[in-house]
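Examining the three-dimensional arrangement
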Amino acid sequence: MTSAKSVKLAVGLAGICLFFIAVFIGWARQPRQFRVDPPIAAALEQFRLMPNAISGTPAEVYFAMGKPYESTAFDLSQGKRLYAWFGCSQCHGDGTGKTGPSFLDGWWLYGPSMVSIVASIRDGRPHGMPAFKDEMTIDEIWQLAGYVKSVGAYSTSSKAPSRNDDKTDRPAENRAPAAILFNEGPVLPRPDQGPSR
Amino acid sequence: MIKALIIAVLVVSVAGCSGNQSALDVHGQSAVALKQLIVIMVIACAIIWLLVSGFLVWAVARRREVRDDEVTKRKMTVGVQSAAIATVIIVAGLTMISFYTTRLLNSAADDAVVVTVKGQQWWWQFVYKQDQNQALFQTANELHIPVGRDVRLELESIDVIHSFWVPSLAGKLDLIPGRKNILTMRADRPGIYRGQCAEFCGLQHSHMALMVIAEEKADYERWRMSQAAPAREPTSDEALAGKDVFTARQCAACHTIRGTPAVGTSGPDLTHVGARQMIGAGLLETTRGSLAAWIADPQTLKPGNNMPLVPLTSDELRQVSAYLEGLK
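Here we come to the sheet that holds strand E7 (residues 173–175) of chain B. Residues and elements named next belong to chain B. The sheet built from five strands is open, its strands ordered E4-E10-E9-E6-E7 with mixed pairing. Of all strands in the sheet, those with a lone pairing partner are strand E4 (142–146) and E7, marking the two edges. The mean angle between the axes of side-by-side strands here comes to 25 degrees, regardless of whether they run parallel or antiparallel.

Below, the structure written as structure tokens:
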């Protein structure tokens, strides 16, 4: 076999391999679950908060699932849709805060843990945060909490929610906008954490 | 055996040409004009193709003699010249036919029915007007038109580019965000014609169907009156409870039911949802069961659509579906 022929053969084989790799990646994509099983949904409700309602621990099942709500692009995208659908931006803007607190200033009134955010959305908080437990399912609340957490993330992430169709005045969620805003100026005095604000 | 096979293949392939969504089964002025155009084009091109192929075969098969006299040269010159002239005439003729057909398509009479069509991911909103500016009522995914009268559709898009296509009645036309396209159509005979978004517009593009229901004048006026009226008050206790659930829960944030406090605008108007044949833009037939299924789990039925799953108890679900089914 001449060298030209073998080069052609190698290129052809490489092309075929690339094709099948692409097919495999397309086939092995992240499965989407549109509705969680009822027992898992029930378990997701069973998180425990610390006595001062800041931070706590989620149910064991959340770790068994692989912490999807803060780490998969699909759930983050769903969270972003929920953020728009349920009018979060009326008080929190695009994360910079309006009448409600900002998610970008690095200061979480009830701490940055997922459980705190889920509890805030589900049960509401004093000074105006309404409870959404009658309006959203528990997995929707977890998806939304994951998105809110990613909005205020300190470090970049390879998992991004879907991009905006409209113009926005801040970088994409997965590019750690919180960190950028941190470095902008002197830190303002913060209110105390917790309900006795 | 082979004969039977050929007949079977022909029957199957011709079966695709009839039905309520086919550009070859036409029942409207513009669709008829378009079909004539394509038939003329196909026949002309088929004849030309046959002539060219025949000539090629003859040229290959004929006995070749090398002759270099004046007579042969003149014959060849005449042959090439007449082929060139024929080409010019045919192309010009087809262009003229195409031009006049296109001009015919958008000539609406002055008394045309005007309906605003708003394409959205992934459903059709139809706004019927009282007069120039006043909206009379809205419906979704179901367009009723009177037979034998021009209908002027003002096509707009809320989000991305869609395309309005009802093959049996008219050609397709895009809905472009930020501009208004005008499509005129007319149905010559009563019937139900299916239409479909014909421009890929996202995840549920294929589930963005519509129905055009062409009715006689009296039927159309009756339908128009019933649609313009506010929603029917429920009679059964279950449906009454469903109305309370609908207005108290977040259904009312996105959907309008005229005559109730529900005035949301981001979802389809549900004032007469029970009278429509399909829900979810051609996804399911309107029955109480399918309404309940849709509310219980919209994201599994039509992944990616803009309706969130609302946590309702089974009693609330039964009540709401009874209420919606009764909104004739």
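All names here are of chain A. The interhelical angle for the contact between helix H4 (residues 73–85) and helix H7 (residues 138–151), taken along N-to-C directions, is 95 degrees, at an axis separation of 7 Å. Taken together, H4 and H7 sit at an angle that is classed as roughly perpendicular. The segment H4 lies against H7, with Asp75, Leu76, Gln78, Gly79, Lys80, Leu82 and Tyr83 engaging Glu140, Gln143, Leu144, Gly146, Tyr147, Val148 and Ser150.

Residues and elements named next belong to chain B. Of all five residues in E4, five are buried, a share of seventy percent or more. In this structure, E4 lies alongside strand E10 (residues 209–215), joined through five bridges in parallel fashion. Each residue of the ladder has a partner; that of Ile145, found in E10, is Ala214.

This brings us to the packing of helix H6 (residues 114–123) of chain A against H7 of chain A. All names here are of chain A. The interhelical angle for the contact between H6 and H7, taken along N-to-C directions, is 120 degrees, at an axis separation of 9 Å. By the criterion of interaxial angle, the relationship of H6 to H7 is oblique. For the pair H6 and H7, the crossing hand works out as right-handed. In this structure, H6 uses Met114, Ile117, Val118, Ile121 and Arg122 to contact H7, whose residues at the interface are Ile138, Ile141, Trp142, Leu144, Ala145, Gly146, Val148 and Lys149.

The next point concerns unusual backbone geometry. Following Gln121 of chain B, the chain continues into Trp122 of chain B via a peptide bond in cis, with omega recorded as -5 degrees. Of note, Trp122 of chain B is situated in the loop between strand E1 (113–120) and strand E2 (123–129). You will see that His127 of chain A, though not glycine, has its phi angle at about 65 degrees, which is positive. Examined against the element boundaries, His127 of chain A turns out to sit in the loop between H6 and H7. By relative accessible area, which is 59% here, His127 of chain A ends up exposed. One non-glycine residue, Ala281 of chain B, adopts positive backbone phi at about 55 degrees.

Rules behind the numbers
Here the residue index of a chain counts from 1 through its sequence in written order. Whichever chain is written first is A, and whichever ligand is written first is 1; the rest continue in order. This being a predicted model, a pLDDT of at least 70 is required before a residue's local features are given, and a value of 80 or more before pairs of side-chain atoms are given or counted; all residues contribute to the totals for chains, interfaces and linings. Where side-chain values are given, they derive from all heavy atoms of the structure, hydrogens and water being excluded. In this description, strands pair whenever DSSP reports at least two bridges between them. Think of it this way: any DSSP run of H or I at least four residues long counts as a helix, any run of E at least two long counts as a strand, and we number them from the N terminus. Every axis in this analysis is a line fitted to C-alpha atoms, fitted for helices over the stretch in contact. Angles between the N-to-C directions lie between 0 and 180 degrees. Oblique is the label for any angle not under 35 degrees, not over 145, and not in the 65 to 115 range, which are roughly parallel, roughly antiparallel and roughly perpendicular in turn. The contact criterion used throughout is that any non-hydrogen atoms of two residues lie within 4.5 Å. Relative accessibility decides the category of a residue: with a 1.4 Å probe and only protein chains considered, values under 20% of the type maximum give buried, values over 50% give exposed, and everything between is partly exposed. The sense of a crossing depends on the near helix, which, turned anticlockwise from the far helix by less than a right angle, makes the crossing left-handed and, turned clockwise, makes it right-handed.

Shape is all these values report; function is a separate question.
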